[in-house]
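Examination of the molecular architecture
For reference, the chains in residue letters:
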Amino acid sequence: TLFRSAYVISEYCYSDWMELRHDIESALEQDIVDAFVICPNTIFNLTLAAEKMVSTEYNLPAITIKKSNTVIQCGKDGSRENKCIIVGGTNQIVINSSPSGVKLVGLTMLHSTNSAVNAAGDYNASATIYDCEFSSHFGPAAVLIHNSGSGGNYTEGELSESIPVILSSFREDMHNRNKDDEIQRRSVVQQMGNSMSVDFEYCTFSDNRVMYAAVVVVGGRARSINSVFSRNIAEWGAVGAVFDGIVSIAASCFSLNEGNSSGSVYIDAGSHLILSANNFGSNNFAVNGCSSIFLAGACQSETDCNGVCVDHEKSSCVAESAPRFTIAPSPTPIITIPTTSPAPWCFSDWEKLLAAVNSAATGETFIICPNTLFDLANYEESVTAVIRTSNTVIQCGYNGSKEGGCVISGGSDIFNVSGSPTDVKIMGLVMYRSTGVAVNAGGGPNASIAFIDCEWVEHVGEAAVLVNNTALQDGVVHSETFSDNAYFSLSSNPLLSQTRLSMMVTFERCSFRDVSVTAASVSVIGGTVVFGGTNFYGNVAEMSVIGVFHGGHATISDSCFVNNKGVRSGSVLISAGSVLEEQNNFGFNNTNLNGACGDVFLAESCSSDNNCIGSCSSFDAPISVCRVTDAPFGLQPEGPPAGASAQPSPSPVETDCFSDWKDLSRAIASSNEAGRTFVICPSAVLDASAYPDASLTPIVLRSDDMLIQCGLDGLNSNNCTITGGVAHFRISGSPKGVKLSGLTMRGAKLVSVFAAGDTDAVTIFSNCVWEENNGLAGILIYKEDPSLTLTDLFSSVEALSSMADRLLPASMSLILETCIFKNNVVIYSVALNINGNLSVDECIFLGNVLQVGVLCDVTMNLSNLI
């Protein structure tokens, strides 16, 4: 956050550069006054004429900051309007060593020849640049964030010479990446060290003509909020991050910037953009065609990189002006500046995350770096993150998705909710092989937490999640909590006082897989739990997967229970006095001890030996409910996608899965019934080249509302692969509502998918991958026409461009949702649309080699590519 604490302002203001420099550099850590005020309307000219006998100019030295909490500000209110201007020089301000809490407020910095601010501190250093202006700078960058690695033991001249050398190693790194030499790359990063973090709030960067970017992040962390970048010209545009740099950008605006590799923001393959929200871009230009945010992949040279271009979100600039400060009326005025969240960088060290969460203020967001593994199995210290403050958010990456690869391995009591915090969210985390209780939701009756897109895998212990009020147990989960008597015997239960006094826990699009516990995977003692779109696979419990006791309340909807085992119930156990509301849930092959109750058991009374009597009921939703986690990013939209028909409940339910291409082909060919679901077994490889004579006849899809999916949840992570063959699928006729979900299609020799239906046909591909396909195209959308052969279609690129003259018939609609196309080598395009309708939403295209373009639209209606 920005200025978490107030600071003391000097009563004296500076108008002499060397005097200001002397006082800052000689300040001691114990000095009380740590804010240095520049007099309003002061101009520091660092490029001065020498003595008359010397014809050359010389530069005044930069100010070097090594002391934590040093503040340099313009006037007593720190406003840019006070016109404190620094002009010229090589570097103007240098931050070195490990100072934290450095602040530059209200400064205007012009015309440096190297970098106006050289943020050269190590990982522990941090600075905030607030309401400052950077204009007309030359050299590598206006602000350069890197780690000098020399502890400050260098001269001004050595520093000036080192910056181009540091950044020039980027050229070598690009060469090494092209060789896939990760060891060499990591050695370069290690030499650079972990750099500091810098926040930019309400700043302006304009008319900078620099080598790399107005703001360059070399292995460090940068955050931009309410800042404006305009008319900057550089290799990477306005902002560039390399060597594992980490960048967050929100409510910022980019206009008229120019670059080779990006017009606005460049993120190299090893760096992370963890937040991009509410940003605006206009009239930016890049040689590579990406005028907004370029997420680079493999590079053939410094200026030739594959990657993904991400648009800015807003249609107009939403950056705000800097708010005026509040000054307390006292002899030594106190300044406070508003705080913002989320945090300016992401966490990859559990101890640092732990310390931050355990001391969090209300409303803080903590972002875990994508692809981070926290190994807690051998920690000797406590690993528990105690959440006490409302509106706390802990999430994986900037979009809070499980696809970000944030994994917590091992450990017990990982998260503990204490007291009465409300609206807590944990998003996109995977907890793997934890022990005991992974999450102790121990807050009071007013507390609430939501787990969104989280997963518990192979947990062993008493419960993966325990909902109870630990305040009623002196903050300790006692052993009797997990005894049978504690759950069932209301007369002797020592925890009876907890009834209805525990917190609320919500699970949205979560999953519990292969959890083995002595109680229930989710054990609820009093309190309330809500499950929406949550899946339970292969869990084993002595009681049940979900157990609700002592007046607890459970709501379960749109969830899936498959292959679970429990002593009293395979899926859900509701004790006497507790309440269950459930709708639209699917169950398959769940079993209890006597095989009589696999789904829901409503206990009425239990004897002393805990043999309970009650009623058993079954889930009755179709298998389609198990598709609730199809979309890896964000919540599912309500209703069918645009252009798709509303889908009835598929029937009959297919509980068997296919692992052979011929069997799947024959099953689909023999089915003319609408609404059928075909499940491909997880980890199956279906060899399409085994089809008779490797003919052109792929699997033909003709029936309405057909669903072909990978595993019961239709996720690509289940690893269902279709490989080889001339083609994989053909859509024919007028089927509506066809959907293929979670499939990987690889190695087709001609076209992977022939979308050859007529104008009424609609097919959706969701969470699918096309990779390493060859031939003419990955997907071909066209209308089958006996008078038009494939030779006609693909005779030449020129023929395609004039196809409208032949009055080709209109063809079908195809929708691509969260799909990936990578490393395909085709003659034309990965998706070639000939007079049909193609909608592409949140798809990624990486490393494809093609003649026409990634997407090619040959149509009589130019609006058909959405």
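Bear in mind the structure is a predicted one, so any value in this text is a computation, not a measurement.

What follows concerns the sheet that holds strand E76 (residues 820-822). In space, the 6 strands of this open sheet follow the order E64-E67-E70-E73-E76-E79, with parallel pairing throughout. Both outer strands of the open sheet, strand E64 (685-687) and strand E79 (844-846), are each paired with one neighbouring strand and no more. Direction aside, neighbouring strands of the sheet carry axes that sit 15° apart on average. By the bridge criterion, 3 bridges tie E64 to strand E67 (residues 720-723) in an arrangement that is parallel. Opposite Asp-687, over in E67, you have Thr-723 as the bridge partner.

Okay, the nonpolar core next. One finds Trp-350, Phe-415, Leu-429, Phe-451, Trp-456 and Phe-507 to be the most contacted residues of the largest nonpolar core, which totals 59 residues. Per-element accounting of this core gives the leading share, 5 residues, to helix H4 (residues 350-358). Core analysis: the next-biggest nonpolar cluster, separate from the first, contains 53 residues, Ile-24, Phe-36, Ile-249 and Leu-273 among them.

What follows covers the environment of Leu-20. Tracing the chain through its elements places Leu-20 in helix H1 (residues 17-25). Sequence-distant contacts of Leu-20, defined by excluding residues within four places in its chain, comprise Tyr-14, Phe-36, Ile-38, Phe-44 and Ile-63.

The next point concerns the pattern of salt bridges. Where charged atoms from two side chains of opposite charge come close, those side chains can pair. Overall, the coordinates contain 13 salt bridges when judged by the stated rule. Two residues, Glu-458 and Arg-433, come together in a salt bridge whose shortest N-O distance is 2.7 Å. Taken together, the residues span a long stretch of sequence, with Glu-458 in the loop between strand E44 (455-457) and strand E45 (460-467) and Arg-433 in the loop between strand E41 (429-432) and strand E42 (435-441) at a distance of 25 residues. When its relative accessible area of 46% is taken as the criterion, Arg-433 is described as partly exposed. One continuous salt-bridge network, built from bridges that share partners, spans Lys-402, Asp-453, Glu-455, Arg-513 and Asp-713.

With that settled, the discussion passes to the state of the cysteines. Two cysteines form a disulfide when their sulfur atoms are joined by a covalent bond. Counted by the stated rule, this structure contains 9 disulfides. Two residues, Cys-253 and Cys-317, share a disulfide whose sulfurs are 1.9 Å apart. Residues Cys-253 and Cys-317 share a disulfide whose torsion about the S-S bond is about 95°; that sign makes it right-handed. Taken together, the residues span a long stretch of sequence, with Cys-253 in strand E23 (residues 253-255) and Cys-317 in the loop between strand E30 (304-310) and strand E31 (326-327) at a distance of 64 residues. For Cys-317, a relative accessible area of 39% translates into the label partly exposed. There is a disulfide in this structure between Cys-290 and Cys-309, and the S-S distance comes to 2.1 Å. Because the sign of the S-S torsion sets the handedness, a value of about 85° for the bond joining Cys-290 and Cys-309 places this disulfide among the right-handed ones. Here Cys-309 lies in strand E30 and Cys-290 lies in the loop between strand E28 (285-286) and strand E29 (293-301), a separation of 19 residues in the sequence. Owing to a relative accessible area of 3%, Cys-290 belongs among the buried residues under this scheme. According to the relative accessible area criterion, Cys-309 is partly exposed, its value standing at 38%.

Bringing the sheet that holds strand E38 (residues 406-409) into the picture now. Taking strand neighbours across the sheet as the criterion, the 8 strands line up as E35-E38-E41-E44-E47-E51-E55-E59 in an open arrangement whose pairing is parallel. Pairing within the sheet leaves two strands with one partner each, and these edge strands are strand E35 (373-375) and strand E59 (586-588). Adjacent strand axes in the sheet meet at a mean angle of 10°, parallel and antiparallel pairs treated alike. In this structure, E38 lies alongside E41, joined through 4 bridges in parallel fashion. Bridging from a neighbouring strand, Val-407 pairs with Val-430 of E41.

Calculation rules
- Residues numbered from 1 in each chain as written.
- Predicted model: local features only at pLDDT ≥ 70, side-chain atom pairs only at ≥ 80, totals over all residues.
- Heavy atoms only, no water.
- Pairing = 2+ DSSP bridges.
- Helix = DSSP H or I, 4+ residues; strand = E, 2+ residues; numbered from the N terminus.
- Axes fitted to C-alpha atoms, helices over the stretch in contact; angles between N-to-C directions.
- Core = buried A, V, L, I, M, F, W, Y, C linked by side-chain atoms within 4.5 Å.
- Buried < 20%, exposed > 50% of the residue type's maximum accessible area, 1.4 Å probe, protein only.
- Contact = heavy atoms within 4.5 Å.
- Salt bridge = Lys/Arg side-chain N within 4 Å of Asp/Glu carboxyl O.
- Disulfide = S-S within 2.5 Å.

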